[in-house]
Amino acid sequence: MPKELYFNHPVSKAIFTFTNHPLPPGTKSLLALGLKFCIRHRKPTNNIEKSIERFQDDVRTKVWVARQQEENDGGNDRDFNPKLYLKNPQWEPPWAGVKIED
């Protein structure tokens, strides 16, 4: 919980429900914030070209890594730790092949 929410919580959390069903966890504290409180989600970019390019790069990268692992140790990935690897923005994954690309 961020410290801003902890220190700036509403004093009056009294709400009245018109139902006999139990409320989900956190509902009382959410309703106590008031009727003008709005949960904001990140807005999608709606850039289809960028999304397709990202998907294409992700698929090509997965295929390339899988092929490298098969060539090196027959698919044994016990030494692979994904936390040790960082994405290189200059590297372009190679073409994956007709079966995967089409």
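See the structure printed just above.
The notes below deal with the structure included here. Quantities reported herein were computed from a predicted structural model and do not represent experimental measurements. (Residues numbered from 1 in each chain as written. Predicted model: local features only at pLDDT ≥ 70, side-chain atom pairs only at ≥ 80, totals over all residues. Heavy atoms only, no water.)

What about the overall build of the protein chain?
Here is step 1: Secondary structure summary: the protein chain contains 4 helices and 0 strands in total.
Here is step 2: Secondary structure elements of the protein chain occur, N-terminal to C-terminal, as α-α-α-α.
Here is step 3: Split into buried and exposed, the 102 residues of the protein chain put 8% on the buried side.
Here is step 4: For the protein chain, the share of sequence-separated contacts (at least 6 apart) that also reach a separation of at least 24 residues comes to 55%.
Here is step 5: Just so you have it, the protein chain exposes about 10,300 Å², and 57% of that area is on carbon and sulfur atoms. (Helix = DSSP H or I, 4+ residues; strand = E, 2+ residues; numbered from the N terminus. Buried < 20%, exposed > 50% of the residue type's maximum accessible area, 1.4 Å probe, protein only. Contact = heavy atoms within 4.5 Å. Areas by Shrake-Rupley, 256 points an atom, 1.4 Å probe, with all protein chains shown as cover.)

Quick look at the pattern of salt bridges
Here is step 1: Inspection of every chain in the model, using the stated rule, returns 2 salt bridges.
Here is step 2: When the shortest N-O distance is used, the salt bridge between Asp58 and Arg54 registers 3.4 Å. Taken together, the residues span about one helical turn, with Asp58 and Arg54 both in helix 3 (residues 48-73) at a distance of 4 residues.
Here is step 3: A relative accessible area of 31% places Asp58 in the partly exposed class.
Here is step 4: Two residues, Arg60 and Glu101, come together in a salt bridge whose shortest N-O distance is 2.6 Å. Linking Arg60 in helix 3 with Glu101 in helix 4 (residues 98-101), this pair joins segments that are 41 residues apart in sequence. (Salt bridge = Lys/Arg side-chain N within 4 Å of Asp/Glu carboxyl O.)

A look at the side chain of Arg60
Here is step 1: A residue is classified by how much of its surface remains accessible, and Arg60, at 16% relative accessible area, is buried.
Here is step 2: Not counting residues up to four positions away in its chain, the partners in contact with Arg60 are Pro93, Pro94, Trp95, Ala96 and Glu101.

Comments concerning the environment of Gly97
Here is step 1: Along the polypeptide, Gly97 turns up in the loop between helix 3 and helix 4.
Here is step 2: Overall, the relative accessible area of 15% leaves Gly97 in the buried class.
Here is step 3: In sequence terms Gly97 and Val63 are 34 residues apart; their C-alpha atoms lie 9.4 Å from each other.

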